[in-house]
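# Secondary and tertiary structure notes
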Amino acid sequence: TFIPDPQNKEEIMLVTVASDKVNETIQGDCFKKFMLERDLIQTKGQSNEQVVQTLRSARGTIKVKFYKKWMSSEIAVRYPPSSDINFNRNFWTGITNVCKWASTLAHEGLGHVLGDYDHAFRYSKSRDFSVPYSINFAFDACCR
């Protein structure tokens, strides 16, 4: 469950709708098929099937906050050990596609917080195959 930190009605509504979209997409056949066929890395020794089951059965409450950071490419961030997800308002508005919202919630919330999967800090082609980034690619393919 993603709980929007009360900021404004639009952000509350956007997080609520995106939260529903996360659950709908994660439970869908397309998501499962995508993740089972992907060459996942950094799975904590789990098979692709186990990763999917971990993501689908993840339960918890995650607070979603908003901030503004200029001159940054950071679209969302989490500061462990906190489970809060922080969205940079410079990249997120009411016209941002709900699937992009959901993808980021799933990457941070299911991939990192509840699934405890990690990825390299710096970009590399292989990082795209980590569980959190594979979630993003699955949402690109499956979220409607």
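Just above, that's the structure.
Residues numbered from 1 in each chain as written. Predicted model: local features only at pLDDT ≥ 70, side-chain atom pairs only at ≥ 80, totals over all residues. Heavy atoms only, no water.

### Section: the overall build of the chain
The condition that has to hold: Only runs of H or I of at least four residues qualify as helices and only runs of E of at least two qualify as strands under DSSP, and these elements are numbered from the N terminus. The atom set for the radius of gyration is the C-alpha atoms, and the globule formula is 2.2 Å times the number of residues raised to the power 0.38. Burial status follows relative accessibility: with a 1.4 Å probe on protein chains alone, a residue under 20% of its type maximum counts as buried, one over 50% as exposed, and anything between as partly exposed. To be clear on the numbers: accessible area is Shrake-Rupley with a 1.4 Å probe, and residue cover counts the displayed protein chains and nothing else. We count Lys and Arg on the positive side and Asp and Glu on the negative side, and we leave His and both chain ends out. The atom standing in for a charge is NZ when the residue is Lys, CZ when it is Arg, CG when it is Asp and CD when it is Glu.
Summing up its helical and strand segments, the chain has five helices and four strands in all. In the chain, the succession of α and β elements from N to C terminus is β-α-α-α-β-β-β-α-α. Its C-alpha atoms give the chain a radius of gyration of 14 Å, within 12% of the compact-globule value 15 Å for 144 residues. Dimensions of the chain, computed from C-alpha atoms along their principal axes, come out at roughly 40 × 30 × 25 Å. A total of 144 residues make up the chain; the buried ones form 45% of that total. Looking at the chain as shown, the accessible area adds up to about 8,000 Å², and 53% of this sits on carbon and sulfur atoms. Positive and negative side-chain charges in the chain, numbering 19 and 16 respectively, have mean positions lying 3 Å apart.

### Quick word on the state of the cysteines
We count it as follows: Throughout, a disulfide means two cysteine sulfur atoms within 2.5 Å of one another.
Throughout the structure, instances matching the rule amount to two disulfides. The side chain of Cys-30 participates in a disulfide bridge whose partner is Cys-142; the two sulfur atoms lie 2.1 Å from each other. Its torsion about the S-S bond being -75°, the disulfide of Cys-30 and Cys-142 is classed as left-handed. Pair noted here: Cys-30 is in helix α2 (residues 29-37) and Cys-142 is in helix α5 (residues 131-142), with a separation of 112 residues, a long-range link. With relative accessibility at 39%, the residue Cys-30 sits in the partly exposed group. Put simply, Cys-99 and Cys-143 are joined by a disulfide, and their sulfur atoms are 2.1 Å apart. Taking the torsion about the S-S bond as the criterion, the Cys-99 to Cys-143 disulfide, at about -80°, is left-handed. In this pair, Cys-99 sits in helix α4 (residues 98-114) while Cys-143 sits in the segment after α5, placing the two residues 44 residues apart along the sequence. Overall, Cys-143 belongs to the buried group, its relative accessible area being 4%. Here the bonded cysteines of the chain are numbered in sequence order, and their pairing is 1-3, 2-4.

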